[in-house]
Amino acid sequence: MSQLKCPSCAREFVRRVARVGLRERMAGWFCFYPFNCQICGFRFSLLQWGGRYLSVDADHRLYDRMAMNFRVLFCGDQFEGEGLVLNIAMGGCSFKTTGKLAKGAIMQLELKISNDTAPVIVEAAVLRHCQNQVAGVEFIQWRQSERERLQLFVRGLLIGRRS
């Protein structure tokens, strides 16, 4: 089977994702599978005759997480702190912190992806889980220019992982 490409950005970094809703479940009977671009986030379905995929229902993530090790600063209405990013994707990240955080908290993040460039600013991220000093956040709002900077970073990670 040839490498799949995203119909939106034409990049080859797509991931098979879980079916959502009745329409996608019924389409699966006819070999239509849902995919998500790891770079631009575009969700699409493709006809894959003869292709069989393992069930991905257990993992509902749209993006593959990649192991990392860089600093993150975060702040919310009544808290602030810092941590060490453990993994990252276009949809969010996990980081280790000693700060006290509450599930559902909204925060701003400064991702220090490189010592040579300014941090990537995520204007709003929501805390989805916090357990054993590891916080998992979903990115929900940021400037387009900041998103593009993170896309370039993640694309480099995906290219490096492939080789």
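Residues numbered from 1 in each chain as written. Predicted model: local features only at pLDDT ≥ 70, side-chain atom pairs only at ≥ 80, totals over all residues. Heavy atoms only, no water.

Participant: For this particular structure, what's the right way to read the overall build of the chain?
Facilitator: Check the secondary structure of the chain and you find two helices and nine strands. For the chain, the α and β elements follow one another from N to C terminus as β-α-β-β-β-β-β-β-β-β-α. Across the 163 residues of the chain, 37% fall into the buried class. Accessible surface computed for the chain: about 9800 Å², of which carbon and sulfur atoms make up 51%. (Helix = DSSP H or I, 4+ residues; strand = E, 2+ residues; numbered from the N terminus. Buried < 20%, exposed > 50% of the residue type's maximum accessible area, 1.4 Å probe, protein only. Areas by Shrake-Rupley, 256 points an atom, 1.4 Å probe, with all protein chains shown as cover.)

Participant: Explain the pattern of salt bridges here, please?
Facilitator: In a structure, side chains of opposite charge can pair up when their charged atoms sit close to one another. Considering all chains together, one arrives at five salt bridges under this definition. Where Glu-82 meets Arg-71, a salt bridge forms, and the shortest distance between an N and an O atom there is 3.4 Å. Of this pair, Glu-82 sits in strand β5 (residues 80–89) while Arg-71 sits in strand β4 (residues 66–75), and the two are eleven residues apart along the sequence. With a relative accessible area of 45%, Glu-82 lands in the partly exposed category. Across the pair Glu-146 and Arg-149 runs a salt bridge whose closest N-O atoms are separated by 3.2 Å. Linking Glu-146 with Arg-149, this pair stays in helix α2 (residues 144–162), spanning three residues, or about one helical turn. (Salt bridge = Lys/Arg side-chain N within 4 Å of Asp/Glu carboxyl O.)

Participant: Even after reading the chapter, I still don't get the confidence of the model for the chain, so can you show me in this structure?
Facilitator: Scored by pLDDT, the chain has a mean of 85; 90% of the residues are at 70 or more. Ranking the elements of the chain by mean pLDDT puts strand β1 (residues 14–16) last with 83 and strand β7 (residues 106–111) first with 96. (pLDDT = per-residue confidence, 0-100.)

Participant: Explanation requested: the sheet that holds strand β3 (residues 43–47) in the structure shown.
Facilitator: Judged by pairing direction, the sheet is antiparallel, and its three strands sit side by side in the order β1-β2-β3 without closing on themselves. Each edge of the open sheet is held by one strand with a lone partner, namely β1 and β3. Strand after strand, the sheet turns through a mean of 40 degrees between neighbouring axes, direction not considered. Where strand β2 (residues 32–37) meets β3, five bridges bridge the pair, whose relative direction is antiparallel. Bridging from a neighbouring strand, Pro-34 pairs with Ser-45 of β3. (Pairing = 2+ DSSP bridges. Axes fitted to C-alpha atoms, helices over the stretch in contact; angles between N-to-C directions.)

Participant: Just checking my understanding: could you explain the packing of aromatic side chains for this structure?
Facilitator: Between two aromatic rings, the relevant description is the distance of the centres plus the angle of the planes. Inspection of every chain in the model, using the stated rule, returns six aromatic pairs. Where Phe-42 meets Phe-44, the ring centres are 6.0 Å apart and the plane angle is 15 degrees; that geometry is what we call stacked. Ring geometry for Phe-74 versus Phe-79: centroids 6.4 Å apart, planes at 45 degrees, classification tilted. Judged by relative accessible area, which is 21%, Phe-79 ranks as partly exposed. Among the aromatic residues, ring-to-ring pairing joins Phe-35, Phe-42 and Phe-44 into one connected group. (Phe/Tyr/Trp six-rings, centres within 6.5 Å; stacked < 30°, edge-to-face > 60°.)

Participant: Can you walk me through the environment of Cys-40 in this structure?
Facilitator: Counting through the fold element by element, Cys-40 comes out in the loop between β2 and β3. Residues Cys-40 and Met-90 lie 50 residues apart in sequence; the distance between their C-alpha atoms is 8.1 Å. With residues up to four places along the chain from it excluded, the contact list for Cys-40 reads Cys-6, Ser-8, Cys-9, Arg-147 and Gln-151. (Contact = heavy atoms within 4.5 Å.)

Participant: Help me out: how do you make sense of the pairing of strand β8 (residues 120–131) in this one?
Facilitator: Within a regular strand, the side chains alternate between the two sheet faces. Bridge analysis of β7 against β8 gives five bridges, and the strand direction is antiparallel. Across the sheet, the residue bridging to Ile-106 is Val-126, located in β8. Bridge count between β8 and strand β9 (residues 134–141): seven bridges; the pairing is antiparallel. Each bridged residue has a counterpart across the sheet, and for Cys-130 the counterpart in β9 is Ala-135.

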